[in-house]
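Listed here are the chains, written in short residue letters.
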Amino acid sequence: MSGIFISFEGIDQSGKSTQAKLLFDHLQARGYEVVFTYEPGDTELGQEIRRLVLERKTQGEIDATAEMFLFSADRVQHVNELIRPSLDAGKVVISDRYVDSTLAYQGYGRGLNLDDLRMVQNVATGGLKPDITIWIDVDLQTVQKRELPLFSDRIESEDRGDKGEKTFFQRVRQGFKEACQSESDRIFRVDGTRSISAVFKDVKKVVVNQISVRDLYKINLKDWVFSTIEKVEKGTAWNYAWQETYFELGGKSKESGRKFSPMNGTEILYRLGRIKGSRKPFRNPELKEIWNCSTNGAYAILALEYILEKPDISRSELWARIQERIRSELGEEPAKFNQGAPTVAYKLWHLGLIMHDK
Ligand code: ADP
Ligand code: TYD
């Protein structure tokens, strides 16, 4: 499985479909192959289940456990027919609702046993979880101010009055909140009470960050550097070699390819003594010149200088010293995103890839 699976969750009318579609357009415009889908109902069988489970006329007639199995049956079909094959083909799958909806609605909303639900979900999905879940969180007052569709479905027209302490949708919202707290590395809360564009800004931030981070973690930095060096020795240009290796090692994200593009920094490391360096190879009098042709290179050189001077330097101190030097020597204001090259230098050092003859 090599694609990226993103689900959107939230109570009815939270705006998640709007956000999911915006993300679809955004990623597609950036060259990703993206599949947009939803639950319940995005397969032929699913359409029938959707009719059974959401049509108003069946209100009150469906047992909560039966309802849960209907949603779960839809999911089995959805996962096997559409989600898995798309992920296997390396695509990004965006699903409007997935397992967390069952936990929130049937578990917290209807009161079914959560452990039982988890077990059934595990069977239904074969253990497939989203890589990223965006929870669009809104309070009920905000939702009530939004226009309800003319024909709301069976669950949307769920009793909004008192049912013990909390209304149905308050309990559902609580379900998402608890899921988010217990799986904070997968489920990300986005405040959905703001304008569509403000909400989307946050959605983008979460997704781009997560895609880059996950993608990078999958790649072994050591392999990345060695294989790049190998290619260069055979005559490939550095920037191509770096990117090519990245994709060969399974990197998918164009974001991380670009955002985290330390190839110039690595090139400098390589040239200045093929990583295994002499004592002071990095005291380069021509910082300005390097800066002009490679900003990342200049950052990498400075990083190495300070690392070799003080091998146990912390990353924050390293960055502070680099900033100081760039300001004073080059009169430039360092940008936060330029931390990429120093970070690589730092990691290479800690991986033992930079050797220093004492
Ligand atoms: P959901 O998929 O969660 O049910 P939708 O995306 O379909 O929600 O949005 C529900 C309604 O609220 C739609 O009429 C939509 O235009 C509107 N809406 C969506 N996001 C916002 C927002 N941030 N502010 C105000 N209205 C919104
Ligand atoms: P839908 O028309 O897709 O509404 P929305 O735009 O709010 O997602 O309706 C799906 C309804 O089904 C919604 O009220 C939530 C409910 N639902 C569950 O109760 N359990 C589930 O597992 C799923 C997928 C949906």
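S.K.: Got a minute to help me understand unusual backbone geometry in this structure?
M.R.: Working note: non-glycine residues mostly have negative phi, and peptide bonds are mostly trans. In this chain, E39 is followed by P40 through a cis amide linkage whose omega measures -10 degrees. With respect to the helices and strands, P40 occurs in the loop between strand 2 (34-38) and helix 2 (44-54). At Q13, a residue that is not glycine, the phi angle is positive and equals roughly 70 degrees. Mapped onto the fold, Q13 is located in the loop between strand 1 (4-9) and helix 1 (16-29). Accessibility expressed as a relative area gives 21% for Q13, which makes it partly exposed. The phi dihedral of R97 is positive, around 80 degrees, even though this residue is not glycine.

S.K.: For this particular structure, what's the right way to read the nonpolar core?
M.R.: Across soluble globular proteins, nonpolar side chains show a tendency to be buried alongside one another. Core analysis: the largest hydrophobic core is formed by 22 residues, its most contacted members being I6, F8, I94, I134 and V203. Secondary structure elements with two or more residues in this core: strand 1, helix 1, strand 3 (92-96), strand 4 (132-137), strand 5 (187-191) and helix 8 (196-218). At 6 residues, the largest contribution of residues to this core is made by helix 8. F71, W135, V138 and I155 belong to the second-largest nonpolar core, a separate cluster that totals 19 residues.

S.K.: Explanation requested: the pattern of salt bridges in the structure shown.
M.R.: Oppositely charged side chains can pair when the atoms bearing their charge come close. Per the counting criterion, the structure on display carries 17 salt bridges. With a closest N to O distance of 3.1 Å, K16 and D96 form a salt bridge. Taken together, the residues K16 in helix 1 and D96 in strand 3 connect sequence positions 80 residues apart. According to the relative accessible area criterion, K16 is buried, its value standing at 7%. Measuring nitrogen to oxygen at the nearest pair gives 2.8 Å for the salt bridge that ties R189 to D137. You can see R189 sitting in strand 5 and its partner D137 sitting in strand 4, a full 52 residues away along the chain. Of the residues examined, D137 reaches a relative accessible area of 4% and is grouped as buried.

S.K.: Looking at this structure, how should I read the site of ligand 2?
M.R.: Lining the immediate surroundings of ligand 2 are 17 residues, of which D12, K16, R50, R97 and T102 lie closest. Contact between ligand 2 and D12: an oxygen atom at 2.7 Å from a side-chain N or O atom of the residue. A distance of 2.7 Å separates an oxygen atom of ligand 2 from a polar atom in the side chain of R50. If ligand 2 stood free it would expose 540 Å²; the protein chains cover 91% of that surface. Here ligand 2 is seated within the second largest pocket. Elements represented by at least two residues in the shell around ligand 2 include exactly helix 1, helix 2, helix 3 (64-88) and helix 4 (99-109). Per-element tally for the shell around ligand 2: the top contributor is helix 4, with 4 residues. Class assignment for the residues of the shell around ligand 2 results in 5 nonpolar, 4 polar and 8 charged.

S.K.: Looking at this model, I keep getting lost on the site of ligand 1. Mind explaining?
M.R.: Every residue lining ligand 1 is accounted for by I11, Q13, S14, G15, K16, S17, T18, R146, R194, S195 and I196. Within the backbone of R194, an N or O atom sits 2.8 Å from a nitrogen atom of ligand 1. Taking I196, its main chain carries an N or O atom lying 3.5 Å from a nitrogen atom of ligand 1. Of the residues forming the shell around ligand 1, the biggest block, 3 residues, is contributed by helix 1. Residues that form the shell around ligand 1 fall into these classes: 2 nonpolar, 6 polar and 3 charged.

S.K.: For this particular structure, what's the right way to read the pairing of strand 4?
M.R.: If a strand is regular, its side chains alternate between the two faces of the sheet. Of all the 6 residues making up strand 4, 6 are buried; the element is thus mostly covered by neighbouring parts of the structure. Burial along strand 4 is two-sided: the face carrying I132, I134 and I136 and the face carrying T133, W135 and D137 are both buried. Bridge count between strand 1 and strand 4: 4 bridges; the pairing is parallel. Paired with S7 across the two strands is T133, which belongs to strand 4. One ladder, built from 5 bridges, connects strand 4 with strand 5; its direction is parallel. Along strand 5, the bridge assignment pairs I134 with F188.

Cut-offs and rules
Residues numbered from 1 in each chain as written. Chains lettered and ligands numbered in written order. Predicted model: local features only at pLDDT ≥ 70, side-chain atom pairs only at ≥ 80, totals over all residues. Heavy atoms only, no water. Helix = DSSP H or I, 4+ residues; strand = E, 2+ residues; numbered from the N terminus. Buried < 20%, exposed > 50% of the residue type's maximum accessible area, 1.4 Å probe, protein only. Core = buried A, V, L, I, M, F, W, Y, C linked by side-chain atoms within 4.5 Å. Salt bridge = Lys/Arg side-chain N within 4 Å of Asp/Glu carboxyl O. Near = heavy atom within 4 Å. Polar contact = N/O pair within 3.5 Å; in protein donor to acceptor, adjacent residues only side chain to side chain. Areas by Shrake-Rupley, 256 points an atom, 1.4 Å probe, with all protein chains shown as cover. 1 Å grid on protein atoms, 1.4 Å probe; cavity = no way out; pocket = protein on both sides within 12 Å on 5 of 7 lines; lining within 4 Å. Sits in = over half its atoms within 2 Å of the grid points. Nonpolar A, V, L, I, M, F, W, Y, C, P; charged D, E, K, R; others polar. Pairing = 2+ DSSP bridges.

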